[in-house]
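What follows is each chain in one-letter form.
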Amino acid sequence: MSKAFFSDSRSRRSLLKGAAAAAALAAAPWARPARAAEPLFINTWGGPWDKAAQQSLFEPFTRDTGIPIRTVSPVSFSRLASQARTGVYEFDVTEIGGSELMRAIDADLLEPIDTSIVAVQSLAPGQVIGNGIAVMAFSTVIAWRKDKFQQPPQSWPEFWDTQQFPGGRSLQRYAARVVPLALVADGADTHHLYPLDLDRGFGSLDRIKSSIRTWWSQGQQSYQLLGGGEVSAIGMWHSRVQQLMGDGAPVDFTWNQQQMDRGFWVVSKGSPRAKAGWQFIASILRAERAAQFCMLGGYSPADPRVFEHIPQARAVAMPTYPANYRQAIEQDFAALAPQLNALTSRFDRWVLR
């Protein structure tokens, strides 16, 4: 995705176009309340994510349409795949990461976007990939214990340098995010990472493996690892380290070389409630709802126009805020797709060696 996506200079025409699109969504025929509507089932991440979504996304949609929402958690790619094969649906809509989106497209697990409901032409560049639509973004950042470093690591090469920056490390057990970071640590050009040089990436991982105390898999686990001092530095989601800082832990982080990711909303292929699913996704694209969700959940807008609904004091702490986004490393999900299966299986074997 081009850095111009989050340019500070937006014309009056583009802002008016965005406002008109939002007004059109609000006035859409499906926004009128329905009687005795069948529930829409949404696969969610649970915990704080659910609380933020309930208030900012689910309740407003039900008020507009009369369609109640039922949640199923946690998010599960295997369940998405299973129900597309069996026709037995636990949920209709889910939000998945970029690499899972590419896997789902490859396996034909998703409904095509209903453009009669979702005004895709009004969305920001890069907000639509294949059958998925991004509403929020998040990032993996370098975070550290302030009581462990006088001068903390400020880049992935420095994070990898355990001689100059000693102490235990932790990274997410997630191949599609970790291997690109290993390449950056080895000096690869952040603008030309894809397709990934797997041999070089795994060679870089070999150099830090002995310092990895834990390969974390859940956000709360990363919170505990850094907050409890089990590791000195960690690659973790920006919202979790900000939560630690708010809780008074002696930790800090840098936006430098933050790795961007997005949550893509999709409708499960063959869902009997696909139309309602796209109505829901159209609803949460409304800027004021996306803004509230980002503020409540600790996320960041995928559409830069949403910042018009976020106070400046909150906006500067979000990864897609222009000054922060300029320091970001973007993942190229389309270029990664042909490598994804080989990358994941190789990483799983490597971790267990």
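Please refer to the structure placed before this passage.
Definitions and cut-offs
- Along every chain, residues carry numbers that run from 1 in the direction the sequence is written.
- Given that the model is predicted, a residue must reach a pLDDT of at least 70 before its local features are reported, and side-chain atom pairs must reach 80 or more before they are shown or counted; all residues, however, enter totals for whole chains, interfaces and linings.
- Computation of side-chain values covers all heavy atoms of the structure but excludes hydrogens and water.
- In this text, helices come from DSSP runs of H or I with a minimum length of four residues, and strands from runs of E with a minimum of two, each type numbered from the N-terminal end.
- Each residue gets one of three labels from its accessible area relative to the maximum for its type: buried under 20%, exposed over 50%, partly exposed in between, using a 1.4 Å probe on protein chains only.
- Contacts are assigned to residue pairs with any non-hydrogen atoms lying within 4.5 Å of each other.
- Surface exposure here means Shrake-Rupley accessible area, sampled with a 1.4 Å probe, where a residue is shielded only by the protein chains that are shown.
- Each nonpolar core is a collection of buried residues, namely Ala, Val, Leu, Ile, Met, Phe, Trp, Tyr and Cys, held together in the definition by side-chain atoms within 4.5 Å.
- Salt bridges are defined by distance alone: a side-chain nitrogen of Lys or Arg within 4 Å of a carboxyl oxygen of Asp or Glu.
- Two rings from Phe, Tyr or Trp (for Trp, the six-membered ring) form a pair when their centres are within 6.5 Å of each other. A pair whose planes differ by under 30 degrees is stacked, one over 60 is edge-to-face, and the rest are tilted.
- The axes are straight lines fitted to the C-alpha atoms, using for helices just the contacting stretch, and the angles between their N-to-C directions are given from 0 to 180°.
- Orientation is classified from the angle alone, with under 35 degrees giving roughly parallel, over 145 giving roughly antiparallel, 65 to 115 giving roughly perpendicular, and any other angle giving oblique.
- For this classification, Asp, Glu, Lys and Arg are treated as charged, while Ala, Val, Leu, Ile, Met, Phe, Trp, Tyr, Cys and Pro are nonpolar and the rest, including Gly, are polar.
- Strand pairing is assigned whenever DSSP detects at least two bridges linking the two strands.

A. Local environment of the overall build of the protein chain. Within the protein chain, the secondary structure is distributed over 15 helices and 10 strands. Looking at the protein chain residue by residue over its 353 residues, the buried ones come to 56%. For the protein chain, the proportion of contacts with a sequence separation of at least 24, taken over those separated by at least 6, is 73%. A total of about 15,200 Å² of accessible surface is found on the protein chain, and carbon and sulfur atoms cover 50% of it.

B. Looking closely at the nonpolar core. Ranked by size, the top nonpolar core spans 41 residues in total, and within it Trp 265, Phe 280 and Ile 281 carry the most contacts. Listed by contribution, the elements that provide at least two residues to this core are strand 1 (40-43), helix 2 (47-65), strand 5 (132-145), strand 9 (251-267), helix 10 (274-284) and helix 11 (287-297). If you tally residues by element for this core, the top one is helix 10, at seven residues. Core analysis: the second largest hydrophobic core is formed by 36 residues, Trp 156, Ala 185, Leu 193 and Leu 205 among them.

C. Expanded view of the pattern of salt bridges. The final tally for this structure, using the stated rule, is 15 salt bridges. The salt bridge involving Asp 64 is made with Arg 289; its shortest N-O contact spans 2.7 Å. Linking Asp 64 in helix 2 with Arg 289 in helix 11, this pair joins segments that are 225 residues apart in sequence. A salt bridge links Arg 262 to Glu 330, with the nearest nitrogen and oxygen atoms 2.9 Å apart. Residue Arg 262 is located in strand 9, and its partner Glu 330 is located in the loop between helix 13 (322-325) and helix 14 (333-336); the two are separated by 68 residues in the primary sequence. Classification of Glu 330 as buried rests on a relative accessible area of 12%.

D. Molecular detail of the packing of aromatic side chains. Inspection of every chain in the model, using the stated rule, returns 19 aromatic pairs. Between Phe 253 and Trp 255, the ring centres sit 4.9 Å apart and the planes meet at 85°, which makes this aromatic pair edge-to-face. Side by side, Phe 253 and Trp 255 carry an identical accessibility label, which is buried. Three or more aromatic residues joined by ring pairs form one cluster here, namely Trp 49, Phe 58, Phe 61, Trp 265, Phe 280, Phe 293 and Tyr 299.

E. Inspection of the packing of helix 6 (residues 175-185) against helix 15 (residues 340-352) at higher detail. Where helix 6 contacts helix 15, the two axes come as close as 9 Å, and the packing angle between them is 85°. By the angle class used here, helix 6 and helix 15 are roughly perpendicular. For the pair helix 6 and helix 15, contact is made by Ala 175, Ala 176, Val 178 and Val 179 and by Leu 340, Leu 343, Thr 344 and Phe 347, respectively. Tallied by class, residues from the contact of helix 6 with helix 15 come to seven nonpolar, one polar and no charged.

F. Examining helix 3 (residues 77-86) more closely. Restricting attention to buried positions, one finds in helix 3 the residues Phe 77, Leu 80, Ala 81 and Gln 83. Elements in contact with the buried residues of helix 3: helix 4 (98-106). Two residues or fewer past helix 3, Gly 87 is found with a positive phi of approximately 80°.

G. Looking closely at the pairing of strand 8 (residues 233-237). With four of five residues buried, strand 8 lies mostly within the body of the structure. As judged from the five bridges shared by strand 5 and strand 8, these two strands associate in the antiparallel manner. Across the sheet, the residue bridging to Ile 142 is Gly 235, located in strand 8. As judged from the two bridges shared by strand 6 (residues 169-172) and strand 8, these two strands associate in the parallel manner. Its bridge partner being in strand 8, Ser 170 is matched across the sheet by Ile 234.

H. Representation of unusual backbone geometry within the structure. For the peptide bond that leads from Ser 73 to Pro 74, omega is 0°, which places it in the cis range. With respect to the helices and strands, the residue Pro 74 is situated in the loop between strand 2 (69-72) and helix 3. Looking along the chain, the bond that leaves Tyr 194 and enters Pro 195 is cis, with omega of -5°. Tracing the backbone through its elements, the reader meets Pro 195 in the loop between helix 6 and helix 7 (198-208). Although it is not a glycine, Asp 108 sits at a positive phi angle of roughly 60°.

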